[in-house]
Amino acid sequence: MIANLRIVQAVRVGVLVLMAVLLMDGCGKKPEDTNLLAGMELVEQYDFQGAVESFEAALLSNEDTELSYRGQGIAYMGLGNYAEAEAAFLKSIENAKSRPSALVYDTNYYLASAYMKQGKYADAENIYSAIIGLRKKEKDAYYLRACAVLRQNRYDDAVADFETAFALDSNDIGLVMDAYVEMQAAGYGEQGKEYIRKFMSEKEKSLKDGEKGIIYYYLEDYENARKYLAPFENGDDPKLSLILGQTYEKLGDMNHATVVYQTYLGSNKPDAAIYNSLGICLMHQDRYEEAVEAFESGIGMGASDYLQELRFNRIVAYEYTGNFAQAKTMMEEYLQIYPNDGRAKKENEFLKTR
């Protein structure tokens, strides 16, 4: 699968692509690839600083240059060091063994993501345009170019790309929801809702109740969202439970939201996103000790796409318990892992006054 901004597990996908390439090439058994493989494993464990060092060692040991730079770029993305990630991805592409290859396409998506993170929206747009020039039906490239164009305040051009993406997969409810989130962030929330309403109108007969509930949630019709999602309160779908809990939060019923999260966690496999939402919900109820426990449970799951947020929220929860010494210690550890997190740096300044 091609990595893109819509895929929450982008880092993990990138590692899997690297692993697949090594296996196809038969490189996995070569002793000279030790640092490269170690770097990939560290990325999977979300030890991004350690991964950067392993990929640097791989380069010094003349291991696969394209893959080493690519891995280094992914690790830098995890650290929030997007300028270094950009440089690494460019070097990976320069050292590509074949052009274009699936791996090169994938790395270009990562490069565009690094541009987006730095506010280099025109550069990201150029990458997506180049991909579209070679792959006319690349849905993700149209969607992501629309996001880049929207950030440049070219609304009509963005809409054209969004609609092309929708046409390429008219049943992708997630695509429509993601487009709405982007449009809302850019100040076009009402226009974005029109796409959701249109999707609902055209697909209503084929939509499942859970899907309708999610759509109503994004339309901010929380009563209807609750109506369609409530039957899933004791279900095993983490996404539906998450949205249902957030619906109750929007309705101001924090107690019921807590019950939804706890019910899911009590009957199903652990879920980092639900632990995170549970912790936030508990903090809204001034139940800070319980919030700490929820965040720690999520962190205890190990590598996940919510690990950074869980770690940050745990620090905030400790602050509210009055345990500033523990919060300070955890903040020092956090900034070693995520040195470019501006929000954490600001919070650290506050902690220094405690």
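Quick note: structure is the one above.
What you are looking at is a predicted structure, and each value in this text was computed from that prediction instead of being measured.

Q: Before we go on, may I ask you to explain the overall build of the chain in this structure?
A: Within the chain one finds 20 helices and 0 strands. At 22 Å, the chain has a C-alpha radius of gyration in line with the 20 Å of a compact globule built from 354 residues. Overall, the C-alpha framework of the chain stretches about 60 × 55 × 40 Å when taken along its three principal axes. Considering the chain as a whole, with its 354 residues, one finds that 52% of them fall into the buried category. Looking at the chain alone, contacts between residues at least 24 apart form 52% of all its contacts between residues at least 6 apart. Accessible surface, the chain: about 16,700 Å² in total, of which carbon and sulfur atoms supply 47%.

Q: How do you make sense of the nonpolar core when you look at a structure like this?
A: The nonpolar side chains of a soluble globular protein tend to be buried, and buried together. One finds Phe 89, Tyr 143, Phe 162, Ile 215 and Tyr 334 to be the most contacted residues of the largest nonpolar core, which totals 108 residues. Residues within four places of Tyr 334 in sequence aside, it is in contact with Gln 308, Arg 311, Phe 312, Ile 315, Asp 341, Arg 343 and Ala 344.

Q: Looking at this model, I keep getting lost on the packing of aromatic side chains. Mind explaining?
A: Summed over the entire model, instances satisfying the criterion amount to 14 aromatic pairs. Measuring from ring centre to ring centre gives 5.5 Å for Tyr 46 and Phe 48, while their planes differ by 55°; the resulting arrangement is tilted. You can call Phe 48 buried: its relative accessible area is 3%. Put simply, the rings of Tyr 143, Phe 162, Phe 166 and Tyr 195 touch in pairs and so form one group of aromatic residues. Residue placement shows Arg 135 over the ring face of Tyr 105; its charged tip is 3.4 Å from the ring centre. Between the NZ or CZ atom of Arg 343 and the centre of the ring of Phe 312, over which it lies, the distance is 3.8 Å.

Cut-offs applied
- Residues numbered from 1 in each chain as written.
- Predicted model: local features only at pLDDT ≥ 70, side-chain atom pairs only at ≥ 80, totals over all residues.
- Heavy atoms only, no water.
- Helix = DSSP H or I, 4+ residues; strand = E, 2+ residues; numbered from the N terminus.
- Rg over C-alpha atoms; globule rule 2.2 N^0.38 Å.
- Buried < 20%, exposed > 50% of the residue type's maximum accessible area, 1.4 Å probe, protein only.
- Contact = heavy atoms within 4.5 Å.
- Areas by Shrake-Rupley, 256 points an atom, 1.4 Å probe, with all protein chains shown as cover.
- Core = buried A, V, L, I, M, F, W, Y, C linked by side-chain atoms within 4.5 Å.
- Phe/Tyr/Trp six-rings, centres within 6.5 Å; stacked < 30°, edge-to-face > 60°.
- Lys NZ or Arg CZ within 6 Å of the ring centre and 35° of its normal.

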